[in-house]
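# Results of the structural survey
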Amino acid sequence: MAIRASLLEQIYTVVAQVPAGRVTTYGRIAGMTEGATARLVGTAMRQLPAGHALPWHRVINATRRVADHGGASEQQRLLREEGVVFDGAGRVPARLLWPD
DNA sequence: GACGAGGCTGCTA
DNA sequence: CTAGCAGCCTCGT
């Protein structure tokens, strides 16, 4: 399951630029790359290498909720540690989306 | 070459 | 609010 290196590189670059305490969506990342799609970004996050230093937890879906996957609970925990807040519906305020 | 399956999205009902 | 559906890109069978 390897994504083309060129796309992986762009996805990594974009994700690495998300500031702490902010989040972005798969679709936004896909839009900042050339050829990637939201689906592909999700796949890229899924198969991250063990020693990665990527803030994958700052990537959420278009409904501003944490995607339903194996590490969802940990993802929310990490985000809250950075000061990201969740409303009653478990969603992140639009003002925390990056870029603005 | 076909098919199914993914941390998705936007539209329509 | 939920459900269904067609696009989207890549990989393993």
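Up top is the structure.
From a predicted model like this one, the values you see are computed outputs, not experimental measurements.

Criteria and thresholds
- Residues numbered from 1 in each chain as written.
- Chains lettered and ligands numbered in written order.
- Predicted model: local features only at pLDDT ≥ 70, side-chain atom pairs only at ≥ 80, totals over all residues.
- Heavy atoms only, no water.
- Salt bridge = Lys/Arg side-chain N within 4 Å of Asp/Glu carboxyl O.
- Helix = DSSP H or I, 4+ residues; strand = E, 2+ residues; numbered from the N terminus.
- Buried < 20%, exposed > 50% of the residue type's maximum accessible area, 1.4 Å probe, protein only.
- Near = heavy atom within 4 Å.
- Polar contact = N/O pair within 3.5 Å; in protein donor to acceptor, adjacent residues only side chain to side chain.

Any two side chains of opposite charge can pair, so long as their charged atoms come close to each other. Tallied over the full model, the rule gives three salt bridges. For Asp100, the salt bridge goes to Arg22, with nearest N and O atoms at 3.0 Å. Note that Asp100 is positioned in the segment after helix H4 (72–81) and Arg22 in the loop between helix H1 (5–16) and strand S1 (24–25), a separation of 78 residues in sequence. The exposed category is assigned to Asp100, whose relative accessible area is 77%. Here Glu81 ties to Arg77 by a salt bridge, and the two come within 2.8 Å at their closest N and O atoms. With Glu81 and Arg77 both in helix H4 and four residues apart, the pair spans about one turn of that helix. The exposure class assigned to Glu81 is exposed, which follows from its relative accessible area of 57%. For Arg77, a relative accessible area of 38% corresponds to the partly exposed category.

Attention now goes to the protein's contact with DNA strand B. Taken together, 16 residues form the shell around DNA strand B, and within it Tyr26, Arg39, Arg46, Asn61 and Ala62 come nearest. In DNA strand B, atoms within 4 Å of the protein come 47% from sugar and phosphate. One of the backbone nitrogen or oxygen atoms of Gly27 is found 3.5 Å away from a phosphate oxygen of DNA strand B. Contact between DNA strand B and Arg39: a base nitrogen at 2.5 Å from a side-chain N or O atom of the residue. At the level of elements, helix H2 (26–32) and helix H3 (38–46) are the ones that each hand at least two residues to the surface near DNA strand B. If one sorts the elements of the surface near DNA strand B by residue count, H3 sits on top with six residues.

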